[in-house]
Amino acid sequence: MLDRLDSRAQAARAFLIQLVAREIQLSARVAGWLRTTGQHVTALGMSELADECVRLAAETWELREQLVGLVHRLVARRNRGLGRRRINVVLLLEQPLSDAMVEFVDLNEVAITSATPWAELAALSAVERMLAGAVPIAIDIAGIDDDFPHSHGDLVEAAQLYEQRSLRARALYEAISTIRAANPKHREITREITDRAIDIFTKITSESAELGRQLDSWRHSHNG
């Protein structure tokens, strides 16, 4: 039972290492997009929304610090007992952006310079909602919860951190609720960018899962 649990935990950990690394790579850009959106909506006379963008940008840097701490703990736990094929966190975070990540960057860069820069918040909200649901489910499937040994505490921490992201998703979405409700065209704009953001980030999640499987297979081959 414990061997099967540990195997599932290692698979979940390998997936999370890749996903969290991608989030960290994008996080500075996310903070920048929010600041730029705040500047643009200020020019449109939306001072309250601008203030919320500034707050969310600062929150993004705090989230980034949490994710950096998390990925170090995930990697340290994964590397334990390995003499080779150990993960170097610095190199992990310096890997080139994947095609899907570049696509996500392009989507947001276009959004913040458009006539409706506030739609950027809808894209980010969609990703937050997706992550808040998907990551805890992946850990739950692995069979990890608060009752399991402290050896899997990093996974419990990850689940809790991502569950809390639903609050951030709600804040992003509600920030533009008045704008969205005021004009059917605005609702269509937010729906389109939301759909695209989900589609692209699904690709990023799939990439993370595939690279995670490769990490997991390397570990098994080493232990074998």
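You'll find the structure just up there.
Residues numbered from 1 in each chain as written. Predicted model: local features only at pLDDT ≥ 70, side-chain atom pairs only at ≥ 80, totals over all residues. Heavy atoms only, no water.

## Focus: the packing of aromatic side chains
- Inspection of the entire model under this criterion finds two aromatic pairs.
- Ring geometry for Trp33 versus Phe104: centroids 6.0 Å apart, planes at 65 degrees, classification edge-to-face. On the criterion of sequence distance, the pair formed by Trp33 in helix H1 (residues 2-43) and Phe104 in helix H4 (residues 99-112) is long-range, its members being 71 residues apart.
- We classify Phe104 as buried; its relative accessible area is 2%.
- Ring centres of Phe104 and Phe201 lie 5.2 Å apart, and the angle between their planes is 75 degrees; on these two criteria the pair is classed as edge-to-face. Residue Phe104 is found in helix H4, and its partner Phe201 is found in helix H9 (residues 184-223); the two are separated by 97 residues along the sequence.
- What makes Phe201 buried here is its relative accessible area of 3%.
- By way of ring pairs, the aromatic residues Trp33, Phe104 and Phe201 are connected into one cluster.
- The aromatic ring of Tyr173 is capped on one face by Arg129, whose charged end is 5.5 Å from the ring centroid. (Phe/Tyr/Trp six-rings, centres within 6.5 Å; stacked < 30°, edge-to-face > 60°. Helix = DSSP H or I, 4+ residues; strand = E, 2+ residues; numbered from the N terminus. Buried < 20%, exposed > 50% of the residue type's maximum accessible area, 1.4 Å probe, protein only. Lys NZ or Arg CZ within 6 Å of the ring centre and 35° of its normal.)

## So, the pattern of salt bridges
- A full pass over the atoms with the stated rule returns 13 salt bridges.
- Salt-bridge contacts for Arg55 lead to Glu59; the nearest nitrogen and oxygen are separated by 3.3 Å. Of the two residues, Arg55 and Glu59 are both situated in helix H2 (residues 47-79); the distance of four residues between them amounts to about one turn of the helix.
- Residue classification places Arg55 among the partly exposed positions, given a relative accessible area of 38%.
- A residue is classified by how much of its surface remains accessible, and Glu59, at 23% relative accessible area, is partly exposed.
- Note that Glu128 is salt-bridged to Arg165, the shortest N-O span being 2.6 Å. Taken as a pair, Glu128 in helix H5 (residues 119-141) and Arg165 in helix H7 (residues 165-175) lie far apart in primary sequence, 37 residues in all. (Salt bridge = Lys/Arg side-chain N within 4 Å of Asp/Glu carboxyl O.)

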